[in-house]
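So the chains spell out like this:
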Amino acid sequence: MDAGLRAFRDLLRSPDAALDLGRAALAVAAIEHPDLEPAESLARLDGFARASGAARAGSDRARLDRLRAHLFETLGFRGNAGDYYDPRNSCLNDVLDRRTGIPITLSVLTMEVGRRAGLTIDGVGLPGHFVVAARLAAETILLDPFGGGGALARREAEALVARAVGRPVTLKDEHFAPATKAQIVVRMLRNLHGVYRRNGEWDKALAAVDRLLAAEGEAPAHLRDRGTALVHLGRVHHGAAEWERYLVRYPKARDAAQVRDELRRVRQSLAERN
């Protein structure tokens, strides 16, 4: 593991309360923007918090309303439904520049600006959709940053999730549990990895998988996906070795037969070259 991946791993292993989510999200964005310096984006988050007036005196609800109005009305942050799979939607710096993104990056924006204004806003990873929960003195309010920061009742959240997953859903209390910051970063990486696979950008897909391995260890899917990326990049020997490790460790995986077939074809191709 190189120094950059070790630093990323160590960042995510910080206690949750100490983990700088904005900085971690920008570390994810560095896959798309290798020369990204986080200081400018972090300063912009500071500026949004100051300009929102959410830190001024008033009830928690009034402060939250000021935050929402500033982000989603004054600044015009919105969900990018028209080009959802653009990798820039997963990069916090691009979200700040373009004022559009996907649910999880807009949620990180809301959380980080809220934190700077003294509000407690948690991420909530609903199935197929990411939202936030603002913990106020007298209540907890669920908000949908992708939908313009509007408040969500449970029934509305169920309808939102049903549209995302394509079937009726009954949400339980555990679905609304706050996600840890490390879990949020992992979900961002999985989203970005999926985009790169979809676009055939295998060098960046590999970089995303390497960060997932640094964050979560040798989870089965990451070993398999690392092999896939390496094979597509022409590093066939290394890719085959990753697939072999996957099959040795997880011989009863649901896709084991498919991976064995792919590995057999790769080995045959290698044999024909010799």
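Here the structure is shown first, and the text comes after it.
Cut-offs and rules
- Residues numbered from 1 in each chain as written.
- Predicted model: local features only at pLDDT ≥ 70, side-chain atom pairs only at ≥ 80, totals over all residues.
- Heavy atoms only, no water.
- Helix = DSSP H or I, 4+ residues; strand = E, 2+ residues; numbered from the N terminus.
- 1 Å grid on protein atoms, 1.4 Å probe; cavity = no way out; pocket = protein on both sides within 12 Å on 5 of 7 lines; lining within 4 Å.
- Points joined across faces, edges and corners; volume = space filled by probe spheres on them.
- Nonpolar A, V, L, I, M, F, W, Y, C, P; charged D, E, K, R; others polar.
- Contact = heavy atoms within 4.5 Å.
- Pairing = 2+ DSSP bridges.
- Axes fitted to C-alpha atoms, helices over the stretch in contact; angles between N-to-C directions.
- Phe/Tyr/Trp six-rings, centres within 6.5 Å; stacked < 30°, edge-to-face > 60°.
- Buried < 20%, exposed > 50% of the residue type's maximum accessible area, 1.4 Å probe, protein only.
- Lys NZ or Arg CZ within 6 Å of the ring centre and 35° of its normal.

**A look at the environment of E40**
Note on placement: E40 falls in helix α3 (residues 38–52). Each C-alpha atom of the pair E40 and N93 lies 8.8 Å from the other, and the pair is 53 residues apart in sequence.

**Some thoughts on the layout of surface pockets**
Volume-wise, the largest pocket comes out at about 360 Å³. D2, G4, L5, D210 and R211 are, among the 16 residues lining the largest pocket, the residues nearest its centre. Looking at which element gives the most residues to the lining of the largest pocket, the answer is helix α9 (residues 202–216), with 6 residues. Taken together, the residues of the lining of the largest pocket sort by class into 9 nonpolar, 2 polar and 5 charged.

**Things to note about the environment of L109**
In this fold, L109 is placed in helix α6 (residues 103–116). Along the chain, L109 and L45 lie 64 residues apart, while their C-alpha atoms are 7.8 Å from each other. Not counting residues within four places of it along the chain, the set of residues in contact with L109 comprises L45, F48, L71, F77 and L96.

**Concerning the sheet that holds strand β6 (residues 150–152)**
Within a sheet, each strand pairs with its neighbour through backbone hydrogen bonds, oriented either parallel or antiparallel. The sheet built from 4 strands is open, its strands ordered β3-β4-β5-β6 with antiparallel pairing. Of all the strands in the sheet, just β3 (120–126) and β6 have a single pairing partner and so form its edges. Across the sheet, the axes of successive neighbouring strands diverge by a mean angle of 40°, strand direction being ignored. The sheet contact formed by strand β4 (residues 129–135) and strand β5 (residues 140–144) spans 4 bridges and is antiparallel.

**Description of the packing of aromatic side chains**
To describe a pair of aromatic rings, you give the distance between the ring centres and the angle between the ring planes. Under the counting rule described, the total for this entry stands at 4 aromatic pairs. When the centroid spacing of 5.3 Å and the interplanar angle of 70° are considered together, the rings of Y84 and Y85 count as edge-to-face. Overall, Y84 belongs to the partly exposed group, its relative accessible area being 29%. Since its relative accessible area comes to 41%, Y85 is described here as partly exposed. Each ring, one from Y84 and one from F146, has its centre 5.9 Å from the other, and the planes form 70°; the classification is edge-to-face. Of the two residues, Y84 sits in the loop between β1 (78–79) and α5 (92–98) while F146 sits in the loop between β5 and β6, which places them 62 residues apart along the sequence. When its relative accessible area of 19% is taken as the criterion, F146 is described as buried. An aromatic cluster is defined as three or more aromatic residues linked by ring pairs; in this entry it consists of Y84, Y85 and F146. A cation sits over an aromatic face here: R198 above Y85, 3.9 Å from the ring centre.

**Looking at the pairing of β5**
Counted residue by residue, β5 has 4 buried out of 5 residues, so it is predominantly covered. The antiparallel pairing of β4 with β5 creates a hairpin that spans 4 residues between the two strands. In this structure, β5 lies alongside β6, joined through 3 bridges in antiparallel fashion. Residue L142 lies in a different strand from β6, and its bridge partner there is L152. Following β5, the chain reverses through 5 residues before pairing antiparallel with β6; G148 in that reversal takes a positive phi of roughly 90°.

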